[in-house]
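The chain contents come next:
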Amino acid sequence: QVQLVESGGGLVQAGGSLRLSCAASGRTFSSGAVGWFRQASGKEREFVARIWWSGVTYYSDSVKGRFTISRDNAKSTVYLQMISLKPEDTAVYYCAAGALELASQPYQYPYWGQGTQVTVSS
C-alpha cells in the first residue's frame, strides 16, 4: 500500500505560481510512476504530468512549458511547480502512484491522494 498526501494548493491570481507537493508513505516510493491529475468542477479527471522513477517526465499539452514535475526519492515526495497560471487551471489536483511507466489514464494508477484545491482568479 502507498499513502499519498497532497499539499500546497490555494488561491492565486492569473500569472502567479504555486508548488504542489505529494508526500508518500507506506510501500517503497522510489520505483514506479507518480502522476498529477486535475479535476475541474463538472469535468472529468484529466492527466497533467507524470514522472518515472528514473526522472523521465511527460506533460499534457495544456501545461507543457508552464508546469514542472520533479521527485525527491529520499524524501518520498513529488512536486508540481506551476507558473503562469491561468483561470482554466482551476481544479482539484490529485497525485497518484502506479507501476506503469507510460500511464496517463486515471485507471492505470491504483493509489491516490485526497486532492488539493487550486483556484486561479482572473
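Residues numbered from 1 in each chain as written. Predicted model: local features only at pLDDT ≥ 70, side-chain atom pairs only at ≥ 80, totals over all residues. Heavy atoms only, no water.

(A) Fine view of the side chain of Asp89. One can find Asp89 in the loop between β8 (77-82) and β9 (91-98). What makes Asp89 buried here is its relative accessible area of 0%. A distance of 2.8 Å separates the side chain of Asp89 from the backbone nitrogen of Lys86, its partner in a polar contact. Leaving out residues up to four positions away in the same chain, Asp89 has contacts with Arg38, Arg66, Phe67, Ser84, Val118 and Val120. (Helix = DSSP H or I, 4+ residues; strand = E, 2+ residues; numbered from the N terminus. Buried < 20%, exposed > 50% of the residue type's maximum accessible area, 1.4 Å probe, protein only. Polar contact = N/O pair within 3.5 Å; in protein donor to acceptor, adjacent residues only side chain to side chain. Contact = heavy atoms within 4.5 Å.)

(B) Region of interest: the packing of aromatic side chains. What the rule picks out here adds up to six aromatic pairs. Consider the rings of Phe37 and Tyr109, whose centres lie 5.3 Å apart with planes at 75°: the pair is edge-to-face. Taken together, the residues Phe37 in strand β4 (residues 33-39) and Tyr109 in the loop between β9 and β10 (111-112) connect sequence positions 72 residues apart. Across the pair, Tyr109 and Phe37 agree in class, each one buried. For the pair Phe37 and Trp112, a centre-to-centre distance of 5.1 Å together with 50° between the ring planes defines the contact as tilted. Of the two residues, Phe37 is situated in strand β4 and Trp112 in strand β10; the sequence distance between them amounts to 75 residues. Given a relative accessible area of 0%, Phe37 falls into the buried group. (Phe/Tyr/Trp six-rings, centres within 6.5 Å; stacked < 30°, edge-to-face > 60°.)

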